[in-house]
Amino acid sequence: MAVIVRAENLAGGYAPGADAITGVSFALEAGTIAAVLGPNGGGKTTLFRALLGELPLRRGTVELAARPAYVPQTDRTRHDFPVSALDVVLMGAYARTPAWRRVARADRDAARATLERVGLADHARRHFGALSGGQRQRVLIARALLQDSRVILLDEPLSGVDATSAARIDELFAQLRADGRVLLVATHDVEQARRWDQVVCLHGRQVAFGPPAATLTTDVLRRTYGDELVILAGGDRAIAVEHHAH
Amino acid sequence: MPLDAPFIQRALIEALLLSGLAGVLGSWIVLRRFAFFAHGVGTAAFPGLVVAGPAGVAPQLTGLAAALLYAGGVEWLGRTRRVATDAATGLALVAALAIGVILASDVFEAPASVDRLLFGSLLGLSDRDLWLTAAALAVALVLDLRLRRSWLTQGFDPATARALGVRAAVADPLLLVAIVLACVVALDAVGALLVTAVLVIPAATVRLVAPSVPTLQAGTAALAAVEGVGGLWLAYELNIGPGPAIAVLGGSVFALVAAVSRWR
Amino acid sequence: MIDWLLDPFSGSLMQRALAEVLVVALACGPLGVWVLLYRQSYAAESISHAMLPGLVVASLAGASLLVGAIGGVLVAALAIALASRDERLGGDVGVAVAISALFGLGAVLALSPDVPARLGELLFGDLLGVTGRDVVEAAVLAAVVAVALALAHRRLALSAFDPAAAPSLGARPGRWELVLLALLALCTVAAVRGMGNLLAVALILAPAAGALNLAPRLPIALALAAALAALAGVLGLLASYHWHVAAGASVALAAIALFAVTLVLPRRRTLA
């Protein structure tokens, strides 16, 4: 199986001498969903930015078979913007449209199809800000799909998302994996990570990388989450406590 | 500059009173980042100033009325949630200016006084103006004495400020009221558009070098006094508006201090 | 009724004024939409206030006001950029210092010489005194702004709507915000002859605010803003002619009145 994403001793940050992440090494083959686990401030978003080439200071190697598509946490978009759901999805085609041309008809059709794929065909014309959190998240995923990249980075796509949307998104992930794409999903949900193919544990430095069975041990989780860990009775199941920044 | 002439003496007294306001309130304007609010109040008072003469009313009063209308308008626009606050402020300000222009040039036909209104008449004050400024200074001093801790906490740690209770809830609105009063008495002296020259520039300059609030206030009052008197002298000698003179003087000092303190 | 509408524009003076205001409106409208979406209303006002010295110097030197405006805007932008970078003060305070100092400088320059510059016209515009050449200059600037906005449309939208994901979608937000500020400066220069440096911002903010109130989608908002600005120009000139009031101020108030009207209309959330 071809390796689509590889990192070798990746390190870097925002200021000289203050690395936000260090020692990150992993390789992901086509058709993989990889969870990125870690506490807030532990480096998940920094890792994504490093993969996107947006980190000011970066050492080590990153190899990508394709420029990744990125789904940031939905809180970062402007909900008062005069755009419909379809408009947002179409943004996925902007990078490949020259400034003096209108967006291609093929891209418009693809955008509609992608919205249908995430189950929001009926909402195409609705104001983006008027959608529910889960629906907005699905639109942003659709936008990433329109970019048609083999690598997709998703930053906590399921946090604060209603059950219907979450189930849909889960299904979608499975389809994308079957498609041969690589998904990196930053998440707090250890249980969810167990169902996927690979896990990267990050707490500034990389604590572990590998299949869930090998990496999601209590010891690794303790080293990843530090104080934020809650061990359930029975000793081998752990839940990470989610802290939200204020 | 003839120091025995009453109008010069009044101008000097006003300059000193204003420097007191600059010291007390200007410091808070800078610390709490209310500079645009002050600029807005001054600008918004302009149409009020225009009608003062024809209506035979003190400009401070009509200016205050216009400023309150403006503040109310911005607040109301914000409540409708159909326009962002900074846009609402900009719109209200330009509306005030446009209304003022039309009143000044076409309704009351006083084009010559537009300059005065925009740039001040520090050299044409009456005793009443001095009393009003002194009253504003008194109010500012009293409020500062009682509320300075709330004002400071609210600026740097709003959560703690809430824990301080009821006082915090009225502290900020009272600060804004005090700023409005200060702007309103300043605008007759330095003009509607240059209120910040007196109330903000000296405090901003001293802020570049002063670490604590008391030092900031004292230093600002002193600097504002020097700039006020100096600007007054320039205005008299060069026959220009006192507001612009103070603004240029203040701006130059600021630039100098900023450059020097950055290079250390 | 038709006469009431058409008579004012039978003379060449009013025709030039109309041409000037229409040309400026077509740039200010759409630009204003971006200014509002990027939350840069203070920048818009600051730049136009602070460019006064440039205008005054040009006026006194007998040079073209266009040159003075460009010079003034550059100095203003530089001063504002320097002032707002000082972390000790916080952006607003530094900008307020820069604006009032420059504005004061403009007034000092304007009021001190033996033949004072016509400050009122610089501040509030001289819409009824524009020459054919002024209109051409404004048209060229407005065209540059309009074309640039059209080409930059998608990148501007990305950078404003989703700065976090914008780089991965093809637009670096910092760069495009700078582009917008540069276009704002150009548009202000175009508008200053007719509207004056205090009132120009009315044509930038008010029609755009009205358009964003009504339009469900961005392209509609941009077109509507241009239309509202143009309408404000026409209405302002009509008011100026029939009621003998200052032209620039009338246009400004017409723009704001139109915005006020949009506040009572229902907001559109979905397309029909």
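Check the entry above for the structure.
These numbers were taken from a predicted model, which means no experiment stands behind them.

### Topic: the interface of chain B and chain C
Thinking step 1. Chain B puts 49 residues into the contact, and the matching count from chain C is 44 residues.
Thinking step 2. Elements with a contribution of two residues or more to the side of chain B that touches chain C: helix H2 (35–44), helix H5 (85–107), helix H6 (111–119), helix H10 (195–199), helix H11 (201–207) and helix H13 (242–263) of chain B.
Thinking step 3. Residue contributions to the side of chain B that touches chain C peak at 14 residues, all from H5 of chain B.
Thinking step 4. The residue makeup of the side of chain B that touches chain C, split by class, is 33 nonpolar, 10 polar and six charged.

### Some remarks on the pairing of strand S3 (residues 32–37) of chain A
Side chains on a regular strand alternate between the two faces of the sheet.
Residue and element names in this part refer to chain A.
Thinking step 1. By the criterion of burial, S3 is predominantly enclosed, with five of the six residues buried.
Thinking step 2. The sheet contact formed by S3 and strand S7 (residues 182–187) spans six bridges and is parallel. Each bridged residue has a counterpart across the sheet, and for Ala 34 the counterpart in S7 is Leu 184.
Thinking step 3. Two elements, S3 and strand S8 (residues 198–203), share four bridges in a ladder whose sense is parallel.

### Re the environment of Tyr 225 of chain A
Thinking step 1. Here Tyr 225 of chain A shows up in helix H8 (residues 218–225).
Thinking step 2. Sequence separation between Tyr 225 of chain A and Pro 39 of chain A is 186 residues, and the spatial gap between their C-alpha atoms is 5.7 Å.

### A few points about the packing of H5 of chain B against helix H3 (residues 41–50) of chain C
Thinking step 1. Relative orientation of the contacting elements H5 of chain B and H3 of chain C amounts to 35°, with a least axis distance of 8 Å. Contacts between H5 of chain B and H3 of chain C involve Asp 86, Ala 87, Gly 90 and Leu 93 of chain B from the former and Ser 41, Tyr 42, Ala 44 and Glu 45 of chain C from the latter.
Thinking step 2. Residues belonging to the contact of H5 of chain B with H3 of chain C are distributed by class as follows: four nonpolar, two polar and two charged.

### Observations regarding the packing of helix H10 (residues 173–214) of chain C against helix H11 (residues 218–243) of chain C
If you want to describe how two helices pack, look at the angle between their axes and the distance between the axes.
All names here are of chain C.
Thinking step 1. Taken N-terminus to C-terminus, the directions of H10 and H11 make an angle of 130°; their axes are 8 Å apart at the nearest point. As judged from the angle between their axes, H10 and H11 are oblique. In terms of crossing hand, the pair formed by H10 and H11 is right-handed. Together, Leu 203, Pro 207, Ala 208, Gly 210, Ala 211, Leu 212 and Leu 214 of H10 and Ala 221, Leu 224, Ala 225, Leu 228, Ala 229 and Ala 232 of H11 make up the contact between the two elements.
Thinking step 2. Tallied by class, the residues present in the contact of H10 with H11 amount to 12 nonpolar, one polar and no charged.

### As for helix H3 (residues 46–55) of chain B
Residues and elements named next belong to chain B.
Thinking step 1. In terms of residue burial, H3 counts as a mostly covered element, since seven of its 10 residues are buried.
Thinking step 2. By the burial criterion, the buried members of H3 are Phe 46, Pro 47, Gly 48, Leu 49, Val 50, Val 51 and Ala 52.
Thinking step 3. Directly beyond the C-terminal end of H3, a positive phi value near 70° is found at Gly 56.

### With respect to unusual backbone geometry
All names here are of chain C.
Thinking step 1. Of note, the phi angle at Arg 39 is positive, near 55°, even though the residue is not glycine.
Thinking step 2. Even without glycine at this site, His 244 takes up a positive phi of about 55°.
Thinking step 3. For His 244, the position within the fold is in the loop between H11 and helix H12 (247–264).
Thinking step 4. The class of His 244 is exposed, set by 9 C-beta atoms lying within 10 Å.

### Concerning the nonpolar core
Thinking step 1. Residues Cys 183 of chain B together with Leu 203 of chain C are the most contacted members of the largest nonpolar core, which totals 289 residues.
Thinking step 2. Residues lining this core come from more than one domain, with at least three contributed by each of domain 1 (1–68 + 149–246) and domain 2 (78–148) of chain A.
Thinking step 3. Once residues within four sequence positions are removed from consideration, Leu 203 of chain C is found in contact with Val 24, Ala 25, Cys 28, Ala 191, Met 195, Ala 229, Ala 232, Val 251 and Ala 255 of chain C.

### Focus: helix H4 (residues 52–61) of chain C
Residues and elements named next belong to chain C.
Thinking step 1. Counting buried positions over the 10 residues of H4 gives eight, a clear majority of the element.
Thinking step 2. Of all the positions in H4, only Leu 52, Pro 53, Gly 54, Leu 55, Val 56, Val 57, Ala 58 and Ser 59 are classed as buried.
Thinking step 3. Phi for Gly 62, located one or two positions after H4, is positive at around 75°.

Cut-offs and rules
Residues numbered from 1 in each chain as written. Chains lettered and ligands numbered in written order. Predicted model: local features only at pLDDT ≥ 70, side-chain atom pairs only at ≥ 80, totals over all residues. Contact = placed C-beta atoms within 7 Å. Helix = DSSP H or I, 4+ residues; strand = E, 2+ residues; numbered from the N terminus. Nonpolar A, V, L, I, M, F, W, Y, C, P; charged D, E, K, R; others polar. Buried ≥ 20, exposed ≤ 12 C-beta atoms within 10 Å, placed from the backbone. Pairing = 2+ DSSP bridges. Axes fitted to C-alpha atoms, helices over the stretch in contact; angles between N-to-C directions. Parallel < 35°, antiparallel > 145°, perpendicular 65-115°, else oblique. Left-handed = near helix turned anticlockwise from the far one by under 90°. Core = buried A, V, L, I, M, F, W, Y, C linked by C-beta atoms within 7 Å. Domains from an automatic or database assignment.

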